[in-house]
Amino acid sequence: MLTTLQTAYSDTRAADLAWTLGREPLPALAVLDLDLAGAGLQMRLLGASHQVLLEEDRGTCSETVACIPGSSTPLPLGVSKRLGEWEYEFAARVETLSEGSFAGRAQELLALVADHPQGLAGTFPGSPHAFTAMLAQRTEGQVRWRTWHAYPQEGQLVVTRTRVGVRKTAAVL
């Protein structure tokens, strides 16, 4: 699903993104609710990036990657945590592209997500290549999602990937 987000485009920077787990739902500009084989997943586009809420019999997980005033946790390159019965893995990277490459990559990503049944993308008014996009899937008992946050004024694309799955216990001999 592709939507135009009804908010003023603010000139934020990739370096302003912060990451948190366990945050309550924040006001969203667009929401997509998915049922992924018994796991309820809500993808939320915020005025300042994304939030994903996962709910399953084993528990809940809330991931927020956004420009949040006063947040003290910068966007990490990688995180691996135990959340109850789950293993949570998060990775992020920043791609810096030329203006022409950025425009092409933006079009490619928006086309990928726009018609995908498990995809949500929102473009910001004021810049044709300012967007946040998300894509989710469930495979082999794991829920995975990828996100893309575009900052055309910097030529930067922040790419994240998350995996949440049942924690593997060590075999007893």
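The present account deals with the structure reproduced in this document. (Residues numbered from 1 in each chain as written. Predicted model: local features only at pLDDT ≥ 70, side-chain atom pairs only at ≥ 80, totals over all residues. Heavy atoms only, no water.)

A separate point is helix α1 (residues 99-114). Across its 16 residues, α1 extends 22 Å between first and last C-alpha, which sits within 8% of the 22 Å expected from 1.5 Å per residue. Considered for burial, the residues of α1 that qualify are F102, A106, L109, L110, V113 and A114. Projected onto a plane normal to the axis of α1, the buried residues spread over an arc of 120 degrees and lie on a single side. Away from the buried face of α1 by more than 90 degrees, exposed residues G100, Q107 and A111 are located. Contacts made by the buried residues of α1 are with β1 (2-4), β9 (119-123), β10 (131-139), β11 (142-151) and β12 (156-166). (Helix = DSSP H or I, 4+ residues; strand = E, 2+ residues; numbered from the N terminus. Expected span 1.5 Å × (residues − 1). Buried < 20%, exposed > 50% of the residue type's maximum accessible area, 1.4 Å probe, protein only. Arc of directions from axis to C-beta. Contact = heavy atoms within 4.5 Å.)

A word on unusual backbone geometry. Although it is not a glycine, A37 sits at a positive phi angle of roughly 50 degrees. One can find A37 in the loop between β3 (30-36) and β4 (39-46). Of note, the phi angle at E140 is positive, near 50 degrees, even though the residue is not glycine. Along the chain, E140 falls in the loop between β10 and β11. For E140, a relative accessible area of 79% corresponds to the exposed category.

For the rest of this paragraph, the subject is the sheet that holds β3. With antiparallel pairing, the five strands of this open sheet are ordered in space as β2-β6-β5-β4-β3. Edge strands, defined here as strands with exactly one partner in the open sheet, are β2 (18-21) and β3. The sheet shows a mean angle of 10 degrees between the axes of neighbouring strands, direction not considered. By the bridge criterion, seven bridges tie β3 to β4 in an arrangement that is antiparallel. (Pairing = 2+ DSSP bridges. Axes fitted to C-alpha atoms, helices over the stretch in contact; angles between N-to-C directions.)

What follows covers the side chain of T123. Summarising the element assignment, T123 is placed in strand β9. T123 gets classed as buried once you look at its relative accessible area, which sits at 15%. In this structure T123 touches L2, T3, T4, L5, L110, A130 and F131, once residues within four positions along its chain are discounted.

Here the focus is the pairing of β3. Burial along β3 is one-sided: the residues A30, L32, L34 and L36 are buried and none of V31, D33 and D35 is. The turn joining β3 and β4, which pair antiparallel and follow one another in sequence, is formed by two residues; a positive phi near 50 degrees is taken by A37.

Before going further, it helps to spend a moment on the pairing of strand β6 (residues 59-66). With six of eight residues buried, β6 lies mostly within the body of the structure. With four bridges joining them, β2 and β6 adopt antiparallel strand pairing. By the bridge assignment for β6, A18 is matched with A66. Of the pairings in the sheet, the one linking strand β5 (residues 49-56) to β6 comprises eight bridges and is antiparallel in character. Note on β6: the bridge partner recorded for E56 is G59. Taken together, β5 and the strand that follows it, β6, pair antiparallel across an intervening segment of two residues.

Now for the pattern of salt bridges. All chains considered together, the criterion is met by six salt bridges. Where E89 meets R163, a salt bridge forms, and the shortest distance between an N and an O atom there is 2.8 Å. In this pair, E89 is assigned in strand β8 (residues 86-96) and R163 in strand β12, connecting sequence segments 74 residues apart. You can call E89 partly exposed: its relative accessible area is 31%. In this structure, R105 engages E108 in a salt bridge whose closest nitrogen and oxygen atoms are separated by 2.7 Å. (Salt bridge = Lys/Arg side-chain N within 4 Å of Asp/Glu carboxyl O.)

This part covers the packing of aromatic side chains. Following the criterion strictly, the structure yields two aromatic pairs and no others. On the basis of an interplanar angle of 35 degrees and a centroid distance of 6.3 Å, the ring pair of W19 and Y88 is categorised as tilted. Taken together, the residues span a long stretch of sequence, with W19 in strand β2 and Y88 in strand β8 at a distance of 69 residues. Given the relative accessible area of 10%, W19 is considered buried. Centre to centre, the rings of W19 and F90 are 5.9 Å apart; their planes meet at 35 degrees, and the pair counts as tilted. Here the residue W19 occupies a position in strand β2, and F90 occupies one in strand β8, the gap between them amounting to 71 residues. You'll find W19 and F90 in the same group, each marked buried. (Phe/Tyr/Trp six-rings, centres within 6.5 Å; stacked < 30°, edge-to-face > 60°.)

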